[in-house]
Amino acid sequence: MQTGHDAHISTPVENTGSSPLLRSLLLVPVIGLVFYLGALAVGVIKYPVLSWVIFLPIVGAIALLFIPRKNEKLIKMTAFVLSVVVFLMCIPLFTNFDKTTSNMQFVEKYAWVPAFNINYAVGIDGISMLFVLLSALLTILCVTVSWNAITDKVKEFYASLLLLEGAMIGVFCSLDLFLFYIFWEAMLIPMFIMIGVWGGPNRVYAAIKFFLYTLIGSLLMLIGIIVLFFYNGRSFDILQMMTTNYPYDMQLILFWAFFSAFAVKVPMFPVHTWLPDAHTEAPTAGSVILAGILIKMGAYGFLRFNMPFFPQATVAMAPAMMVLSVIAIIYGAVICLGQTDLKRLIAYSSVSHMGFVTLGIFALNFQGIQGGILQMINHGIVTGALFLCVGMVYERTHTRAIADYGGAAAPLPVYAGLFMIFTLAAVGLPGTNGFVGEFLILVGGFTASKLLGALAATGIIIGAAYMLWLYQNMFFVRTNPKLLGLTDINEREILTLLPLVILVFWIGFYPNTFLSFMDASVQHLIERISTAGQLQLSQHLGAIPR
Amino acid sequence: MINYILIPVLPLAAFVINIIFGKFFFKEKSHWIAILAVFGSFVLSVITFAEVAAGKTINYDAFSWIVSGSFNVSFGLLIDQLTAIMLIVVTSVSLLVHVYSVGYMHGDKGYYRFFSYLSLFTFSMLMLVTANNLLQLYFGWEAVGLCSYFLIGFWYEKKSAADAGKKAFIVNRFGDFGFGLGVIMIFLFIGAINYTDIFANISTLQGKTITMLGHDFDLITVIALLLFCGAVGKSAQIPLHVWLPDAMEGPTPVSALIHAATMVTAGVFMVARFNPVFSLSEVAMNTVAITGAVTSLFAATIALVQNDIKRIIAYSTVSQLGYMFLACGVGAYGAGVFHLFTHAYFKALLFLGAGSVMHAMGGELDIQKMGGLRKYMPVTFWTFLIASLSIAGVPGLAGFFSKDEILWLAYNGGAVGKTVWLMGTLVAGLTAFYSFRIIYLAFFGKFRGTHEQEHHLHESPTSMTLPLVVLAIGALAAGWIGIPALLGGNNWVGHFFEPVLGHPHVHGTHAEEWMVVGISIAVAFTGILISTIFYLWKPQIPVLIGEKFKGVYTTLWNKYYVDEFYDRIIVQPAFWIAKNVLVGITDAKIIEGIVNGVPKLIGSFGEKLRKLQTGYVQHYALSMAIGLFVILTLVLIAGTR
């Protein structure tokens, strides 16, 4: 039944793909794109970029609901075109970005609820900019990878995906804390639905667990937000909050309030146990978004809120954060060796990799923070790609148990090659993006603490062990007879992975394209922390000679 | 400049073309692109070598790689005397192995893939030797490791091959762990990681210490030893030697190129390259010398009793690499690299000869099942004999001059000099013995294999014998560039290396030098003689000795049980902890238990408290995690104040 189903869906796609009419129609968007890029280059087009990329997916999601349910093809095409258009509309963020300033750019601000001084304020800086682009890119890939995988409630699926995209980009762009919180919680709903409706057998348990974990964390943050609102003279303005100096004790309490929301999202040890369940049960697109974007928001929250808001508390808590990070690195890596489920293994590897990210961030130096941000992008690319890969093979075998694989390199050579590239990026081989991020983080971490830096570096040994173990069990040795008849991945799937392959090597060999966007913002953040750090030392240590 | 850049780029281009178009387009013609590319690199390398020999040094940055704040590193190019000779070694052996593989790999279904990997390897190795900074060196270092992983596990359907590839990669990661920290330390204390800045500023760190876990360590010693960790992994020294013998699962041309002539010598190259750092720390130098000497002896004893022809040569490689480190450790970097140079030819020849034998014997590896092969494959026999004479240190051949230079300089070396000289001399005897054991068992006497094998015995095709002959010339004559003054030469190679590798201090007299040379020659001939008695004249003797000293024999046969030891103390516990403690207890019971059971916990507080005292394993695990957290935090907070 399963195969008949697949055949039914794949045949029309192949037919239309070879039709000359459709091919000539394909030229239209290509020509349109050329004109659009040309117009961007000469500066003819000017539009509020951020609002467009936040609300176009949301409006699109609503529009999708009006398409007749039976017309699945049109629903999918609409979702695909929308996600591509959103990505293209992000291009000015890349081309018109001013790398010399740490100020917010592409700012838009309108009064929203004047009674509570709530504004609609969006903008990006070097820290958030790359995440907007990554969100837009991964959404496209999620649409293409779900093409044949999602056969039930197709309309609602793509609507959720687009809704999620809008909310995610909103989180990264918000400059008003109230707006931020709206997007932050709004994001939970489509994700919850995606896991709960299109997930695996245990989806309900996983969805509720995911929801409860993140919600409880968020509630503490909400209390913190309200405190900040009153302390800043009834304002939700994030930029204003970044310049306020809060009393030390208040900083400490609020640091933990915000920390609880973000630590769950990262997820840091020991609040990570929702992640394996959520990843395992989520559909491929859900796992990709979870790994690629959602868990980055925790670390982003540290950078955007905890560190500039509470710099003295940050300096005081940094050692504890670094220790937690190192535990996550080693714990997450060792536990991978005990996994029998493909997705669970990759989920736990995320815990380890995100440990590297938080280690870099809380090293509180330039290489650490910059490496941390880059590693978030890298992890989004690589782990996103690995989940895409797992989804592709799952469509063929309908099993996630590692023991059901073996010798897959023979029937699936192209797939095996691409999987190898992402495996190598995950173990941080030089020449791939993973190396650049991990190395900078280790430089930063080692600068801050030699012991923790050295301990963290053991993570790369265990990382190699579990990834190569996984690869061998999937692709080498005996060919499982069940795998012999499998067809290698098709053009749609190759094109889905290709952008990520390019990014792996682009960042691996020329990371400066991406690092240069962050320079000014990272420098600014460090200045804020180091001034406060000295302040704190003088306040709390008095005349102790250094 | 383009001609220098092309040296590594040509093989890279061949790799890209072959991996994309090889499968459907070039197929069994894939070798042409790869061979043309490496031939181009070889010609350019020879030209470059001539330029360097005429006094030129090339050093510049090609393009900026990673810039993050004060951290700034480029892809660059440094070609000096040391690199120039490595270029010759890498491109010449690679070229010959490429040609040999045309015959050896003929008909393999992964033919295009094999040549793609060979090209990628050649590129990576050339990147490694031409690097002008540590991070690019690290790039090449990991990339050759990756190619090694691909090529060891080339026949990935075989579990032993896939396992061996994985083992090589992971064991090397242990070494790279230290190496990576060393790179970071250098950046931290010198502020740059390109060679020029490191060597110019390293002396400013003299006398500085670093505090770790409450102890003060000499900074330069720590840096040098961390870098040496990488060399220990890559060059298969104790305690990370375990991957190299297993690496013999790969196709034999790979063993010759990667696991004998080039990649495994990267560690020696690196230590020689960083001689300005190592020379500043006596502790580090002595560690290098002792590690080399012990490994050399250790591996040579294992090689005495093995029956797998490739594994004997593999242990021989480990042993000879130890020799090179022994040289570096006593400050004789030039002699170490000279031995690297001669070793590349005679050891590649041994492997390719073994490959030729396997080709004739239908993949048979056991020398006990061979015999009398010299009648059937004369070219293989004569070239194999030349290589064995060379490695045994028979006067006049390549191995003799480089080995003798090492022994003489070790004799003159510092505190550990005499000790490692003695060990080195002993190893020379053992080497002669086991090398001729192969000769006698494989090429002399009666054929002991099956009738079917005997029927198929034949000399290998020209594409395989031609590289053997060329390498035999190398094994014969490569040492003539370093004939010492004592024997009427002028030690050209020693003077050539002097600007980069310095000049070791020699205080011994001519009489002592004659003595060292005499002893080493005598030891070599003794080894050959004993081997002749044991395996040609009185074959019952080794059997009797094996029975008499059963314990020793079994220990050597089982390679001192190092693999078993690692399996028990590292591999199995890691998986056990992952499965039974982390998955089963910490995650599933403790953390989940707390999260799911907070309400319950409050309700049954007393019960839980009682459980605490019963000493359940999970509670130990949790308190360990918490304790670790608290202690490390306190240490750090205390440390930052």
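Novice: Which residues make up the packing of aromatic side chains, and what values go with them?
Specialist: A complete count under the given rule lists 89 aromatic pairs over all chains for this structure. Each ring, one from A:F255 and one from A:F259, has its centre 6.3 Å from the other, and the planes form 10°; the classification is stacked. Taken together, the residues A:F255 and A:F259, both in helix α11 (residues 248-265) and 4 residues apart, mark about one turn of the helix. The residues A:F255 and A:F259 share a single accessibility class, namely buried. Ring centres of B:W408 and B:Y411 lie 5.9 Å apart, and the angle between their planes is 15°; this geometry places the pair in the stacked category. Placement of the pair is B:W408 and B:Y411 together in helix α18 (residues 398-411), with a separation of 3 residues, close to one helical turn. The ring of B:Y411 has B:K418 sitting right over it, with the charged end atom 4.3 Å from the ring centre.

Novice: Pulling in residues and values, what's your account of helix α19 (residues 433-448) of chain A?
Specialist: The α-helix advances 3.6 residues per turn, and as a result positions three or four apart in sequence lie on the same side. The end-to-end C-alpha distance of α19(A), which contains 16 residues, comes to 23 Å, matching closely the 22 Å that a straight helix rising 1.5 Å per residue would cover. Of all 16 residues in α19(A), 14 are buried, a share of seventy percent or more.

Novice: Describe the pattern of salt bridges, naming the residues involved and giving the relevant values.
Specialist: Residue and element names in this part refer to chain B. Considering all chains together, one arrives at 19 salt bridges over all chains under this definition. Here R173 makes a salt bridge to E142, at a shortest N to O gap of 3.3 Å. Within this pair, whereas R173 is found in helix α6 (residues 159-190), its partner E142 is found in helix α5 (residues 134-152), the two being separated by 31 residues in sequence. The salt bridge involving K167 is made with D246; its shortest N-O contact spans 2.8 Å. On the criterion of sequence distance, the pair formed by K167 in helix α6 and D246 in helix α9 (residues 243-246) is long-range, its members being 79 residues apart.

Novice: Any details on the packing of helix α8 (residues 219-234) of chain B against helix α13 (residues 282-303) of chain B? Residues and values, ideally.
Specialist: Residue and element names in this part refer to chain B. Between α8 and α13, whose axes approach to 8 Å, the crossing angle comes to 25°. Classed by the angle they form, the pair α8 and α13 counts as roughly parallel. Contacts from T221, A224, L225 and F228 of α8 reach α13 at V283, A284, T287, V288 and T291. Among the residues making up the contact of α8 with α13, the classes are represented as 6 nonpolar, 3 polar and no charged.

Novice: I'd like to hear about the nonpolar core, residue by residue, with values.
Specialist: One finds A:L177 and B:F278 to be the most contacted residues of the largest nonpolar core, which totals 438 residues. Residues within four places of A:L177 in sequence aside, it is in contact with A:I225, A:L228, A:F236, A:I238, A:M241, A:F258, A:F305 and A:F309.

Novice: Summarise unusual backbone geometry; cite the residues concerned and give the values.
Specialist: A:P270 follows A:F269 through a cis peptide bond whose omega is 0°. For A:P270, the location among the structural elements is in the loop between α11 and α12 (274-281). Following B:I238, the chain continues to B:P239 via a peptide bond in cis, the omega torsion being 5°. Counting through the fold element by element, B:P239 comes out in the loop between α8 and α9. Despite not being glycine, A:K153 shows a phi value in the positive range, around 50°. Mapped onto the fold, A:K153 is located in the loop between α6 (129-145) and α7 (154-173).

Novice: Any chance you could break down the side chain of A:H279 for me, citing the residues and the numbers?
Specialist: If you trace the backbone, A:H279 turns up in helix α12. If near-sequence neighbours (up to four positions away) are discounted, A:H279 is found in contact with A:S287, A:L290, A:A291, A:K343, A:A347 and A:F387.

Novice: Please provide a residue-by-residue account of the interface of chain A and chain B, values included.
Specialist: Opposite the 68 residues of chain A that make contact, chain B presents 59 residues. Contact between chain A and chain B buries roughly 5600 Å² in total, counting both sides, with carbon and sulfur atoms accounting for 76%. Our count for the chain A to chain B interface comes out at 0 salt bridges. Here chain A is connected to chain B by 12 residue pairs in polar contact (both at pLDDT 80 or more). Broken down by secondary-structure element, the contributors of at least two residues to the side of chain A that touches chain B are α9 (203-231), α15 (311-336), α17 (366-397), α18 (413-426), α19, α20 (450-475), α21 (491-509) and α22 (512-541) of chain A. With 16 residues, α20(A) is the largest single contributor of residues to the side of chain A that touches chain B. A per-class count over the side of chain A that touches chain B returns 49 nonpolar, 15 polar and 4 charged.

Novice: Now, about the environment of B:V271: what can you tell me, with residues and values included?
Specialist: All names here are of chain B. Secondary-structure assignment places V271 in helix α11 (residues 266-273). On the accessibility criterion, V271 (1% relative accessible area) is buried. In sequence terms V271 and A50 are 221 residues apart; their C-alpha atoms lie 25 Å from each other. Filtering out sequence-adjacent residues up to four positions away, V271 remains in contact with F228, A231, F278, F325, C328 and Y333.

Novice: Which residues make up the pairing of strand β2 (residues 71-79) of chain B, and what values go with them?
Specialist: In the case of a regular strand, side chains alternate between the two sheet surfaces. Residue and element names in this part refer to chain B. Of all the 9 residues making up β2, 8 are buried; the element is thus mostly covered by neighbouring parts of the structure. Strand direction decides the pairing type here: strand β1 (residues 58-68) and β2, joined by 9 bridges, are antiparallel. Bridge assignment links Y60 to a residue of β2, and that residue is L77. Between β1 and β2, which pair antiparallel one after the other, the connecting turn spans 2 residues, and G69 there sits at a positive phi close to 60°.

Novice: Before we move on, could you go through the confidence of the model for chain A and cite the residues and values that matter?
Specialist: Residues and elements named next belong to chain A. Averaged over every residue, the pLDDT of chain A is 86; the share at 70 or more is 91%. With pLDDT under 50 throughout, residues 1-18 is counted as low confidence; its partners more than four residues away or in other chains account for 12 contacts. The model gives residues 537-546 a pLDDT under 50, and that stretch makes 6 contacts with residues more than four places away or in other chains.

Novice: Account for the side chain of A:D277, with residues named and values stated.
Specialist: Of note, A:D277 is situated in helix α12. Polar contacts involving the side chain of A:D277 include one to the side chain of A:R344, which spans 3.3 Å. Each residue touching A:D277, except ones within four places of it in the same chain, is listed here: A:Y205, A:A206, A:K209, A:R344 and B:E592.

Analysis parameters
Starting afresh in each chain, residues are numbered from 1 along the sequence in its written order. A letter from A marks each chain and a number from 1 marks each ligand, given out in the order of writing. Whole-chain, interface and lining totals are the exception, using all residues; otherwise, since this is a predicted model, local features are given only for residues with pLDDT of at least 70 and side-chain atom pairs are given and counted only at 80 or more. Here the side-chain values reflect all heavy atoms present in the structure, with hydrogen atoms and water set aside. Classification of ring pairs uses Phe, Tyr and Trp, with its six-membered ring standing for Trp, and accepts pairs whose centres are within 6.5 Å; under 30 degrees between planes counts as stacked, over 60 as edge-to-face, and the remaining range as tilted. Runs of E in the DSSP output that reach at least two residues are strands. Runs of H or I that reach at least four are helices, and both are numbered from the N terminus. Note on classification: 1.4 Å probe, protein chains only; a residue is buried when its accessible area is under 20% of the maximum for its type, exposed when over 50%, partly exposed between these limits. Over a ring means this: the NZ of a Lys or the CZ of an Arg is within 6 Å of the ring centre and within 35 degrees of the ring normal. One less than the residue count of a helix, multiplied by 1.5 Å, gives the span that helix is expected to have. In what follows, salt bridge is the name for a side-chain nitrogen of Lys or Arg lying within 4 Å of a carboxyl oxygen of Asp or Glu. Fitted lines through C-alpha atoms give the axes, limited to the stretch in contact for helices. The angle between two N-to-C directions lies from 0 to 180 degrees. Roughly parallel means an angle under 35 degrees; roughly antiparallel means over 145; roughly perpendicular covers 65 to 115; every other angle is labelled oblique. Contact between two residues is taken to exist if any of their heavy atoms lie within 4.5 Å; hydrogens are not considered. For this classification, Asp, Glu, Lys and Arg are treated as charged, while Ala, Val, Leu, Ile, Met, Phe, Trp, Tyr, Cys and Pro are nonpolar and the rest, including Gly, are polar. What makes a nonpolar core is a set of buried Ala, Val, Leu, Ile, Met, Phe, Trp, Tyr and Cys residues whose side-chain atoms join them at distances within 4.5 Å. Buried area counts how much accessible surface, traced with a 1.4 Å probe, disappears from two parts once they are put together, with both parts' losses summed. Whenever two N or O atoms come within 3.5 Å, that pair is a polar contact, provided that in protein one can donate a hydrogen and the other can accept it, and provided that, for residues adjacent in sequence, both atoms are side-chain atoms. Strand pairing is assigned whenever DSSP identifies at least 2 bridges connecting the two strands. A score between 0 and 100, pLDDT records how confident the predictor is in each residue.

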